[in-house]
Amino acid sequence: MADDGAGEGSGELAAENTALGLALGAEHAAIWGYGVVGAALEPASRGGAGAAEAAHRDVRDRVVALLAGRSVEPTPAEGGYALPFPVLSGVDAAALAVVLEDGVAAAWVRVLDQAAEPATRELALEALSAAEVRAVSWRSAAGQTPVTRALPGL
Amino acid sequence: MSSIPSPGPRGFSRRTLLAASAAGLALVAAGCTSAPPDDRELVTGAQADQLFDQVGVQETLVAAYTAAGAADPALAGEVAELAAQAGEQLERLRAAAPGASPSSVSPGAPASAEEARPWLRAQVAAAATSHAAACVTQSGARAALLGSIAAGLRGQDGPLA
């Protein structure tokens with residue numbers, strides 16, 4: 001099971017699988033979290049949350065397929081996750097989205113560190129870059145400064 | 001449901017784990033690790049040369065921020081934070097590639113103040129693409145650093161638009 005650090009296969013591929021399992025867990029959390037984000041936003045502002053959730057679902061599906069192809073049991077989604085703070089307003093929702101994207105970014109940077117396959121690094125880089133682009137928008141919506149990060153995920 | 005949503009120090013169980021992982025990774029990226037290097041940390045000659053090249057790419061980008069600011073002083077103030085982040089990225093790259101000599105590649109300059117913003121935006125995009133391509137052929141902490149820098153520069157595109 002990838003999530004317990006064991007992975008399957010040996011050596012570098014096992015480390016890559018473990019990192020992918022952690023990234024999958026972060027994607028699960030983001031998908032769940034965007035449900036909270038969307039619910040706290042005004043209807044007219046929910047488009048960004050919906051698009052972000054769809055993007056995370058897409059990445060999740062790609063990671064599940066990748067791990068399944070290696071006969072590695074994918075990390076399951078948890079039934080719920082503890083929120084880092086109460087989400088009572090649109091600003092709170094944007095701040096939660098920042099937390100979600102930052103968490104995903106950290107997970108994908110770890111995949112880059114652990115990856116053995118160039119194709120996995122391509123996937124990680126794509127997911128990391130997309131997470132940071134979304135995070136910039138959410139930081140702006142949350143009133144955070146600066147809105148950009150020099151080294152997202154590190 | 002394995003946990004009940006509630007505020008407090010626990011936060012996201014998964015996120016807590018990832019934050020700890022990221023902290024450890026940062027130490028690795030900075031060369032501060034007591035663990036023996038694995039194969040991912042072994043650098044081939046081609047990888048070392050490429051990392052030196054990426055230092056040059058980032059130096060050119062930092063120079064581009066200076067050139068854009070000279071062409072449009074109002075833009076210089078607006079993008080000061082982005083320029084500082086580009087400089088921070090350069091320092092991290094230099095730390096990862098000790099011995100890299102300063103680049104002699106000039107980014108040129110925008111044709112006019114009106115052209116400064118789109119010119120700078122193109123420079124940032126080009127640097128991000130270069131770091132991303134290099135990331136895929138590197139491994140270990142070097143891949144993580146280049147990927148993070150590429151993502152950071154992708155994030156700069158929105159504020160520069």
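Residues numbered from 1 in each chain as written. Chains lettered and ligands numbered in written order. Predicted model: local features only at pLDDT ≥ 70, side-chain atom pairs only at ≥ 80, totals over all residues. Heavy atoms only, no water.

## Some thoughts on the overall build of chain A
Heads up, the rule is: In this text, helices come from DSSP runs of H or I with a minimum length of four residues, and strands from runs of E with a minimum of two, each type numbered from the N-terminal end. With a 1.4 Å probe rolled over the protein chains alone, any residue whose accessible area is under 20% of its type maximum counts as buried; one over 50% counts as exposed, and the rest are partly exposed. The method behind every accessible area is Shrake-Rupley, applied with a 1.4 Å probe, and residues are considered shielded solely by the protein chains displayed.
A tally of helices and strands in chain A yields four helices and zero strands. Walking chain A from its N terminus toward its C terminus, one meets helices and strands in the order α-α-α-α. Expressed as a percentage of the 154 residues in chain A, the buried residues total 54%. As displayed, chain A offers around 5,500 Å² of accessible surface, 55% of which is attributable to carbon and sulfur atoms.

## Topic: the overall build of chain B
Put simply, the rule reads: Should any heavy atoms of two residues lie within 4.5 Å, those residues are counted as being in contact.
On a plain count of helices and strands, chain B comes out with six helices and zero strands. Listing the helices and strands of chain B from first to last along the sequence gives α-α-α-α-α-α. Of all 161 residues assigned to chain B, the portion counted as buried reaches 41%. Restricting the contact set of chain B to residue pairs at least 6 apart, pairs at least 24 apart contribute 83%. Of the accessible surface of chain B, which amounts to about 7,400 Å², a share of 61% is contributed by carbon and sulfur atoms.

## What about the side chain of R134 of chain A?
Residue position: R134 of chain A is located in helix α4 (residues 118-141). Ignoring any residue separated from it by four or fewer positions in sequence, one finds R134 of chain A in contact with A52, A55, H56 and E101 of chain A.

## Comments concerning the pattern of salt bridges
Using the following cut-off: Basic side-chain nitrogens of Lys or Arg form a salt bridge, by our definition, when they fall within 4 Å of a carboxyl oxygen of Asp or Glu.
Here the structure, examined in full by the defined rule, presents 12 salt bridges over all chains. R60 of chain A is the partner of D61 of chain A in a salt bridge, and the nearest nitrogen-oxygen pair spans 3.0 Å. One salt bridge in this structure joins E78 of chain B and R117 of chain B, with 2.6 Å as the shortest N-O distance. Of this pair, E78 of chain B sits in helix α3 (residues 73-78) while R117 of chain B sits in helix α5 (residues 113-137), placing them 39 residues apart in sequence. Its relative accessible area of 48% is what places E78 of chain B among the partly exposed residues.

## Examining the nonpolar core
Stated precisely, the cut-off is as follows: Nonpolar core, defined: a set of buried Ala, Val, Leu, Ile, Met, Phe, Trp, Tyr and Cys residues in which side-chain atoms within 4.5 Å join the residues together.
In terms of nonpolar packing, the biggest core is built from 75 residues, with Y34, V37, V63, W108 and W138 of chain A together with Y65 and L120 of chain B touching the most fellow members. Residue assignment for this core shows that the elements contributing at least two residues are α1 (11-40), α2 (47-69), α3 (90-114) and α4 of chain A together with α2 (45-71), α4 (80-96), α5 and α6 (140-160) of chain B. Per-element tally for this core: the top contributor is α3 of chain A, with 14 residues. Filtering out sequence-adjacent residues up to four positions away, W138 of chain A remains in contact with Y34, V37, L41, G48, A49, A94, A97, V98 and E101 of chain A.

## Examining the confidence of the model for chain A
To keep things clear, this is the line we draw: pLDDT is a residue-level measure of predictor confidence that goes from 0 to 100.
Per-chain confidence: chain A averages 94 in pLDDT, with 94% of residues scoring 70 or above. Scored below 50 in pLDDT, residues 1-8 of chain A shows 24 contacts in the model against residues more than four places distant or in partner chains.

## A few points about the side chain of R139 of chain A
Along the polypeptide, R139 of chain A turns up in helix α4. Taking the relative accessible area as the measure of exposure, R139 of chain A reaches 0% and is therefore buried.

## Description of the packing of α2 of chain B against α5 of chain B
Residues and elements named next belong to chain B. What counts here: Whenever a helix is involved, its axis is fitted only over the stretch in contact; in every case the axis is a line through C-alpha atoms, and angles between N-to-C directions fall within 0 to 180 degrees. An angle below 35 degrees is read as roughly parallel, one above 145 as roughly antiparallel, one from 65 to 115 as roughly perpendicular, and any other as oblique. Throughout, the ten residues Ala, Val, Leu, Ile, Met, Phe, Trp, Tyr, Cys and Pro are labelled nonpolar, Asp, Glu, Lys and Arg are labelled charged, and all others, Gly among them, are labelled polar.
Remark: α2 packs on α5, axes separated minimally by 9 Å, with the N-to-C direction vectors making an angle of 170 degrees. The angle between α2 and α5 falls in the class roughly antiparallel. Contact with α2, carried on its side by Q47, Q50, Q54, V57, Q58, L61, A64, Y65, A67, A68 and A71, involves A113, A116, W119, L120, Q123, V124, A127, S130, H131, A134 and T137 of α5 and no other residues of that element. Here the contact of α2 with α5 is built from residues that sort into 14 nonpolar, eight polar and no charged.

## Observations concerning the packing of aromatic side chains
Residue and element names in this part refer to chain A. The test is simple: Ring pairs shown here join Phe, Tyr and Trp side chains whose ring centres sit within 6.5 Å, with only the six-membered ring taken for Trp; geometry is labelled stacked below 30 degrees between planes, edge-to-face above 60, and tilted in between.
Counted according to the given criterion, the structure contains two aromatic pairs over all chains. For the pair W32 and Y81, a centre-to-centre distance of 5.6 Å together with 55 degrees between the ring planes defines the contact as tilted. Pair noted here: W32 is in helix α1 and Y81 is in the loop between α2 and α3, with a separation of 49 residues, a long-range link. Note on W32: relative accessible area 24%, which makes it partly exposed. The interplanar angle of 45 degrees and the centroid separation of 6.1 Å between the aromatic rings of Y34 and W138 together place this pair among those described as tilted. Of this pair, Y34 sits in helix α1 while W138 sits in helix α4; the two residues are 104 residues apart in sequence, bridging distant segments of the chain.

## Notes on unusual backbone geometry
Residues and elements named next belong to chain A. Look at the link from T145 to P146: it is a cis peptide, with omega at -10 degrees. For P146, the position within the fold is in the segment after α4. Positive phi values are uncommon outside glycine, yet S71 reaches one of about 60 degrees. Residue placement: S71 occurs in the loop between α2 and α3.

## Topic: α4 of chain A
Put simply, the rule reads: A helix is expected to reach a length of 1.5 Å times the quantity of its residues less one.
End to end, α4 of chain A covers 35 Å across 24 residues, agreeing with the expected 34 Å (1.5 Å per residue, within 8%). Looking at the residues trailing α4 of chain A, positive phi occurs at G143 of chain A, about 75 degrees.

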